[in-house]
Amino acid sequence: MISIVWFLVACVLCIGAGVGVTYLLVVTKSQQSRNSAAKILENAYAEAKTAKKEAILEAKEEIHNLKEKCDAEIAERYNEISKSENRLTIKEDTLTKKEEIIDKKIESLDLSMNELKEKEQQLEREREEISKESEKIVEKLETISGLTKDEAKKQLIDMFTEDAKHDCATLIRKMEEEANETAESKAKEIITLAVQKCATNITSEITVTVVPLPNDELKGRIIGREGRNIRAIENATGVDLIIDDTPEAVVLSGFDPYRREVARVALEKLIMDGRIHPARIEEIVEKAQRDVDNEVKEAGENAVYESGIIGLHPELIKILGRLKYRTSYGQNVLKHSLEVCHIAGLLAGELGANIKIAKRGGLLHDIGKALDHEQEGTHVSIGVDLAKKYKESPEVIHCIQAHHGEVEFKSLEAIIVQTADAISSSRPGARRELLDAYIKRLENLEEIANSFKGVEKSYAIQAGREIRIMVKPEEVSDSAMVFLAKDIARKIENELQYPGQIKVNVIRETRASDVAK
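Computed from a predicted model, the values in this text were never measured in an experiment.

(A) The sheet that holds strand 7 (residues 466-471), seen in detail. Overall, mixed pairing links the three strands, which are arranged 6-7-8 in an open sheet. Unpaired on one side and paired on the other, strand 6 (455-461) and strand 8 (503-508) mark the two borders of the sheet. With direction set aside, neighbouring strand axes in the sheet form an average angle of 20°. Strands strand 6, strand 7 and strand 8 of the sheet are contacted by helix 14 (residues 478-495), whose axis makes an angle of about 150° with strand 8.

What follows is the structure, encoded as structure tokens:
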């Protein structure tokens, strides 16, 4: 029991000692915390005081810098203002001097104006006197001549007009003679050089093709039973077969050279094969068309190679080859295009023009004729569309467009292509014209010449390349002949279409006659 009491007492003492120690520790830490807080406050206050001093110093320094900058700007502005004041002062002095000079000039002008007014009045009086004297002189002249003023003026105008026409005609004739002395010889030299370097055959194209046969027995097989074979050939090719008494030959007739060529190749294949019946005919005609198409392509490639032109579109080359089976007045269009290409290149070289453009334009100038029977429009418009489609240059397109004079020339190369086209088509033997068209052209030439006043007779000669006109000497003077020739030439240009040139010669003959008694 006692031990329990002592144990409890010991526990109470221990608890009391623990509480006392704990209290002492808490009091001690609280005191330390207050001391630490006080030190932190003191340090913060010192730092704030230091930062305040530094900020005040920086602000004072910045204010000082700003003040110095403002003082410098004020000084600079003051200098500028001083300079401006000096300039204004100088200008003011100058203006003052000028004003004084102007005042003096105005005073002198006032004096001169008065003098001018007096002189004007004097001149007006003298003009009136001269006018009165002129009227008197005119009246005297009218009385002496028996003509009014207007009549005399008309006579003078007519006289001076006639003299001016005579002088103008003389001058024109002189200038033409001087130009012809050099221009004609030079032109002949250039054209002759171009033509002699490009010699080609005359026209030999016809509308029939003769196919030789090994023997006359094949004629019956070609005709077939009741004519079925010949009808099959004609239907497949679009060409007429003429089987007559000509020994060992069959004639193919048609205006389309391409179809005639297909029919010729097909007929030769049938003769070699020996099997001639409608089914076989259709098969052979298809093969012949493929063969001719290959020939067309090869012809285009050969033409491009011969002309030396590069960079032509493959489709354009193929279309160009089709010209091998196109003719114009009996002239093969592909050969004509090659000839124009060569002549245009030679002319361009002589005249200093672009040879490549001239040759390209010459080769393609009639490209539209390959399709003009398949598409609407003229061969010129079709050719222009083809050239644009296959990305030809604007210069080449213009050569195609202008080679018949449908648009105004914009380049020397276009004129050269037209000239080369005229040379190729108008040279002797190049083309075959119908007799009726030829005679009609000659009649039209003579009708145009006879329609002018003073023309007595006219004769179209040299196949329509020249017209000679006889005039009445009493109605047409030597000076009027020049204008008459030019007027007739202009009317021919406007009303007729013709290749090349037509020379107009006006002839005036004066005769004197008398009778011996």
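Having seen it, we continue.
(B) Examining the packing of helix 5 (residues 257-273) against helix 6 (residues 278-307) more closely. The N-to-C vectors of helix 5 and helix 6 enclose an angle of 125°; their axes lie 8 Å apart at closest approach. In this view, helix 5 runs oblique relative to helix 6, as classed from their interaxial angle. The way helix 5 lies across helix 6 gives a crossing that is right-handed. For the pair helix 5 and helix 6, contact is made by Tyr-258, Glu-261, Val-262, Val-265, Ala-266, Lys-269, Leu-270 and Asp-273 and by Arg-280, Ile-281, Ile-284, Val-285, Ala-288, Gln-289, Asp-291, Val-292, Asp-293, Glu-295 and Val-296, respectively.

(C) Looking closely at the environment of Gly-238. Considering the arrangement of structural elements, one finds Gly-238 in the loop between helix 4 (228-237) and strand 2 (240-242). Here Gly-238 falls in the partly exposed class, since its relative accessible area comes to 44%. For the pair Gly-238 and Arg-260, spaced 22 residues apart in sequence, the C-alpha separation works out to 8.3 Å. Every residue in contact with Gly-238, bar those within four places of it in the chain, is listed here: Ile-233 and Arg-259.

(D) Quick peek at helix 9 (residues 355-364). Most of helix 9 is tucked away: seven of the ten residues are buried. The residue sitting at the N-terminus of helix 9 and contributing the capping side-chain oxygen is Asn-354; that oxygen lies 3.1 Å from the backbone nitrogen of Lys-356.

(E) Quick look at the sheet that holds strand 1 (residues 208-212). Across the sheet, three strands lie side by side as 1-3-2; this open sheet has antiparallel pairing. If you trace the sheet from one side to the other, it starts and ends with strand 1 and strand 2, each paired once. The sheet shows a mean angle of 25° between the axes of neighbouring strands, taken without regard to direction. In the packing of helix 5 onto the sheet, the strands contacted are strand 1 and strand 3 (249-253), and the crossing angle to strand 1 comes to about 10°.

(F) Up close: unusual backbone geometry. Unlike most non-glycine residues, Glu-226 shows phi in positive territory, near 55°. Mapped onto the elements, Glu-226 comes out in the loop between helix 3 (217-223) and helix 4. Positive phi, normally seen in glycine, also occurs at Lys-391, with a value near 60°. Mapped onto the secondary structure, Lys-391 falls in the loop between helix 10 (379-389) and helix 11 (394-402). In this structure Lys-391 comes out as exposed when scored by relative accessible area, which is 73%.

(G) Fine view of helix 6. Here helix 6 is 30 residues long and its end C-alpha atoms lie 43 Å apart, about the 44 Å a rise of 1.5 Å per residue gives. Residues of helix 6 that are buried include every one of Arg-280, Ile-281, Ile-284, Val-285, Ala-288, Val-292, Val-296, Ala-299, Gly-300, Ala-303, Val-304 and Ser-307, and no others. Considering only its buried residues, helix 6 is in contact with helix 4, helix 5, helix 7 (314-321), helix 8 (333-351) and helix 9. Phi turns positive, to about 75°, at Gly-308, one or two residues after helix 6.

(H) Spotlight on the confidence of the model for the protein. Per-residue pLDDT for the protein averages 79, and the proportion of residues at 70 or more is 81%. Here residues 199-205 is a poorly scored stretch, pLDDT under 50, and it has 17 contacts once near neighbours within four places are set aside; other chains count.

(I) Region of the structure containing the environment of Arg-259. Relative to the helices and strands, Arg-259 resides in helix 5. Judged by its relative accessible area of 43%, Arg-259 falls in the partly exposed class. Arg-259 sits 66 residues away from Tyr-325 along the chain, and the two C-alpha atoms are 8.7 Å apart. For Arg-259, the contacting residues outside a window of four places in its chain are Thr-237, Gly-238 and Val-239.

(J) Fine view of a negative patch on the surface. On the surface, Glu-54, Glu-58, Glu-61 and Glu-62 cluster together into a patch of negative charge. Looking at the secondary structure, you find Glu-62 in helix 1 (residues 2-145). Residue Glu-62 is classed as exposed on the basis of its relative accessible area, which comes to 53%.

(K) Expanded view of the nonpolar core. Leu-316, Ile-319, Leu-320 and Leu-386 are the most contacted members of the largest nonpolar core, which totals 32 residues. Residue assignment for this core shows that the elements contributing at least two residues are helix 6, helix 7, helix 8, helix 9, helix 10, helix 11 and helix 12 (412-426). In terms of residue count, the dominant contributor to this core is helix 11 (five residues). Core analysis: the next-biggest nonpolar cluster, separate from the first, contains 26 residues, Ile-230, Ala-266, Ala-288 and Tyr-325 among them.

Rules of the game
Residues numbered from 1 in each chain as written. Predicted model: local features only at pLDDT ≥ 70, side-chain atom pairs only at ≥ 80, totals over all residues. Heavy atoms only, no water. Pairing = 2+ DSSP bridges. Helix = DSSP H or I, 4+ residues; strand = E, 2+ residues; numbered from the N terminus. Axes fitted to C-alpha atoms, helices over the stretch in contact; angles between N-to-C directions. Contact = heavy atoms within 4.5 Å. Parallel < 35°, antiparallel > 145°, perpendicular 65-115°, else oblique. Left-handed = near helix turned anticlockwise from the far one by under 90°. Buried < 20%, exposed > 50% of the residue type's maximum accessible area, 1.4 Å probe, protein only. Polar contact = N/O pair within 3.5 Å; in protein donor to acceptor, adjacent residues only side chain to side chain. Expected span 1.5 Å × (residues − 1). pLDDT = per-residue confidence, 0-100. Patch = residues over 30% accessible without salt bridge, like charges linked within 9 Å, V, L, I, M, F, W, Y side chains within 5 Å. Areas by Shrake-Rupley, 256 points an atom, 1.4 Å probe, with all protein chains shown as cover. Salt bridge = Lys/Arg side-chain N within 4 Å of Asp/Glu carboxyl O. Lys, Arg positive; Asp, Glu negative; His and termini not counted. Charge placed at Lys NZ, Arg CZ, Asp CG, Glu CD. Core = buried A, V, L, I, M, F, W, Y, C linked by side-chain atoms within 4.5 Å.

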